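# Structural characterization, general
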Amino acid sequence: MNMENKKKRNKNIWKFWQQRRYILTFMLMLGQAIMFTIRVNMSIAIIPMTTNFTNDKNALKQGAAFEWNPKEQGIILSSFFYGSVVTQLPGGVLSKRFNGVKLYGAAICVASFLSVCTPLAQGFYSMVIVRTLQGLFLGVTFPTQMSIISQWAPSDERARMTMFSNSGLYFGTVVALQFSGIISRWMGWTSVFYIFGVIGLIWYAIWLKIIRESPEKDRRITAEEKQLILSSIGDRITRNIHIPWLQILTSVPVWALIVAHFTHCWLAYTLLAHMPRFFSQILNLQISEIGFVSSLPYLVNGCLSSFSGLLADKLLSKKVLTLVQTRKLFTCGSFLMQSILLFCITMFMGSWSNVVFLITTVCFSNLVMTGFWINFIDIAPQFSGILFAISNTIATVSGIISPTLTGILIQNENIEDWKKVFLISAAVCLFGSIFYGITASGVVQPWAKVQSQDETLDKINSRKNSSAITPDV
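Attention in this report is confined to the structure presented alongside it.

## Considerations on unusual backbone geometry
Positive phi is not limited to glycine here, since K319 has a value of about 60 degrees. Summarising the element assignment, K319 is placed in the loop between α12 (287–317) and α13 (323–347). Using a relative accessible area of 74% as the deciding quantity, one classes K319 as exposed.

## A few points about the nonpolar core
Core analysis: the biggest nonpolar cluster contains 109 residues, and M49, W207, F279, Y298, F372, L387 and F422 have the highest contact counts within it. Here this core gets 15 residues from one element, more than from any other, and that element is helix α2 (residues 20–49). If we ignore the near neighbours within four places in the chain, the residues touching W207 are L24, M27, L28, V101, Y104, G105 and I148.

## Considering the packing of aromatic side chains
The geometry of an aromatic ring pair comes down to the distance between the two centres and the angle between the two planes. Under the counting rule described, the total for this entry stands at 21 aromatic pairs. With a centroid separation of 5.3 Å and an interplanar angle of 90 degrees, the aromatic rings of F278 and F422 are classed as edge-to-face. You can see F278 sitting in helix α11 (residues 252–281) and its partner F422 sitting in helix α17 (residues 415–439), a full 144 residues away along the chain. Note on accessibility: F278 and F422 belong to one class, buried. Aromatic ring contacts, followed pair by pair, group F142, F372, W373, F376 and F388 into a single cluster. The side chain of R21 reaches across the aromatic face of Y22, ending 4.4 Å from its centre.

## A few points about the packing of helix α6 (residues 141–152) against helix α16 (residues 384–409)
In contact at an axis separation of 8 Å, α6 and α16 are set at 160 degrees when each is read in the N-to-C sense. Classed by the angle they form, the pair α6 and α16 counts as roughly antiparallel. Of the two elements, α6 crosses α16, and the hand of that crossing is right-handed. Where α6 approaches α16, its residues F142, P143, M146, S147 and S150 are matched on the opposing element by S384, G385, F388, A389 and N392. Residue classes in the contact of α6 with α16 are distributed as five nonpolar, five polar and no charged.

## Some points on the environment of A205
One can find A205 in helix α8 (residues 190–210). Taking the C-alpha atoms as reference points, A205 and G105, 100 residues apart in sequence, are found 8.8 Å from one another.

## Description of the pattern of salt bridges
By the definition in use, this model includes four salt bridges. Among the ionic pairs, D218 bridges to R20, the shortest N-O distance being 2.9 Å. In this pair, D218 is assigned in the loop between α8 and α9 (223–233) and R20 in helix α2, connecting sequence segments 198 residues apart. As far as the burial class goes, D218 and R20 line up, both buried. E225 is paired through a salt bridge with R21; the nearest N and O atoms lie 3.1 Å apart. Note that E225 is positioned in helix α9 and R21 in helix α2, a separation of 204 residues in sequence. Of the two residues, E225 and R21, both sit in the buried class.

## What about helix α15 (residues 372–379)?
Counting buried positions along α15 gives eight out of eight residues, so the element sits mostly inside the fold. Buried within α15 we find F372, W373, I374, N375, F376, I377, D378 and I379.

## Observations concerning the environment of Q338
Along the polypeptide, Q338 turns up in helix α13. For Q338, the contacting residues outside a window of four places in its chain are L267, T361, F364, S365 and C429. At 3.0 Å, the side chain of Q338 forms a polar contact with the backbone oxygen of T361.

## Some points on a positive patch on the surface
A contiguous patch of positive charge, built from K102, K209, R212, R219 and R220, is present on the exposed surface. Inspection of the secondary structure assignment puts K209 in helix α8. Relative accessible area serves as the criterion here: at 57%, K209 is assigned to the exposed category.

## With respect to a nonpolar patch on the surface
A surface patch of nonpolar side chains, about 760 Å² in accessible area, is lined by V175, F179, I182, W186, M187, Y194, I195 and I199. Elements with a minimum of two residues in the nonpolar patch: α7 (158–187) and α8. Per element, the largest residue contribution to the nonpolar patch is five residues, and it comes from α7. Tracing the sequence through the fold places I199 in helix α8. I199 gets classed as partly exposed once you look at its relative accessible area, which sits at 42%.

Thresholds applied
- Residues numbered from 1 in each chain as written.
- Predicted model: local features only at pLDDT ≥ 70, side-chain atom pairs only at ≥ 80, totals over all residues.
- Heavy atoms only, no water.
- Helix = DSSP H or I, 4+ residues; strand = E, 2+ residues; numbered from the N terminus.
- Buried < 20%, exposed > 50% of the residue type's maximum accessible area, 1.4 Å probe, protein only.
- Core = buried A, V, L, I, M, F, W, Y, C linked by side-chain atoms within 4.5 Å.
- Contact = heavy atoms within 4.5 Å.
- Phe/Tyr/Trp six-rings, centres within 6.5 Å; stacked < 30°, edge-to-face > 60°.
- Lys NZ or Arg CZ within 6 Å of the ring centre and 35° of its normal.
- Axes fitted to C-alpha atoms, helices over the stretch in contact; angles between N-to-C directions.
- Parallel < 35°, antiparallel > 145°, perpendicular 65-115°, else oblique.
- Left-handed = near helix turned anticlockwise from the far one by under 90°.
- Nonpolar A, V, L, I, M, F, W, Y, C, P; charged D, E, K, R; others polar.
- Salt bridge = Lys/Arg side-chain N within 4 Å of Asp/Glu carboxyl O.
- Polar contact = N/O pair within 3.5 Å; in protein donor to acceptor, adjacent residues only side chain to side chain.
- Patch = residues over 30% accessible without salt bridge, like charges linked within 9 Å, V, L, I, M, F, W, Y side chains within 5 Å.
- Areas by Shrake-Rupley, 256 points an atom, 1.4 Å probe, with all protein chains shown as cover.
- Lys, Arg positive; Asp, Glu negative; His and termini not counted.
- Charge placed at Lys NZ, Arg CZ, Asp CG, Glu CD.

Below, the structure written as C-alpha cells:
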C-alpha cells in the first residue's frame, strides 16, 4: 500500500460507520460485551442469592434464596466452563467449514435466552445445568471470532481490530460487575438475568441484519475497501482444506500459545469468579461497593485496550521491534508484572492497597491481547480459528480448576487462605512468562502454508506435462 492511500485510510479511521470491517469490529465488541455480562453477572448475583440481609437492629430482614456453601458456590461459578471446554474445538472446526457469522450470532442468542430462564432454576443442580448450557453455546464464540477477523482484517490492522473487538470483554465485565450489584439491590437478583438476556436477544437481531460472513458476500461494502482487504489477506482456501492435526499438536510455537493462554485464563477466571467475594470477606465492602470496586480495573482495560493495539502496530510498522519480539514483549511483560503484583498483595493483605494491586494486575492482563492472542494469526492464518479452539479448550480447563480450587481454599474465609490463592496464581504467571519467552514464534509455520487453488492446479498440470514427455522404457 502506498503512503498516500495509507494516510487517507488513517485520516478517515474515526468514521467507522463508513467502513464495513469497522462496523463488524464494533458489533463484535458489543457481542463480546454481552457474552461477558452473561458470564460474569453470576459472580455478583450469587452474593445476594446466598446472603441473609438484616436491618439496623440485626434482625433478619430477608433470608437467603439459596443455602449454598462456598464450595457449592465455587462449583456454580465454574460450571460455565464445564460446557465451554467441550465446544471450543468443534467451534473452531465449524467456523472454518460453515458460516462463522451465523454461528457466532446463534451462540449468543441461545445463551441470552438461557439467561432469561436462569431464575427458573431453583436448585443447585438445575443452576449448574443452566450455567453449563450457557458455556456450551458460548464456547464457540472465541474461535469463531478469530476466524471472522481473519476474513476481514488487513494484515496491518489485525492488532487494532482484535483489540477493539476484545475491549468488549472488559466493558462487558464492567457493566456486569457494576450494574449487577445495583440491579440486585433495587430490583432483585432475578432482574440481573432478565435484563442482560433481553439485551443479548436485541443484539442478535441487529447482527443478523447488518453483518455478512466475508467481504465478497457483503453487498454494502465499497469496491475500494473490498480490494484493500482481499489484497492484504491474500488468496484464501476453500472450507474443505485438510487440517494437519498431527503437525499442529506437535508444534512447539503452538504449545507456547497454549501455555500462555492457560496462564492468562487461570488468573482471569480466578479474579472474575472470586474477586467480589475477596472484597466482601477481607475488606468488608457492601454489595453496591463491591460492584464498583471490582469493575474499576476492567473499565481501565476497556479504555486502554485499543491504545495497546495501536502501540503494537506502530512498533511493527516503524520496525522498532520484529513481530515475535513485539508478541513476547507484551505477553511476557504482562505475566511477569502480574506475578510481582500478586506477590505484593500477599504482603499487605487486608489493606486498601490490595485494591490498587488488583486493579493494576488486571490492567496488565490487557497487554496479552496484543501478544499471544494475535499470535495465532501470525503463525497459521488459515488455521487461526482451529488453533485458538485447541488452545482455548485447554485454557478453559483453568476456568474449572481455578474457581473450584479457590472455593475449596477459602472455606475458612480468612487472610491466610486468600494468600494461598494469590501465591498459586503468581507462580502460574511466572511459569507462563518464561515458557512463552523461550518457545514463541512469529513466522508462518511450514504446516500452515496451504497452497492456493491456482498453485495446486499449476502443480497438477506440471506433473501431467512431466508424465507426457517421459519416454517409454
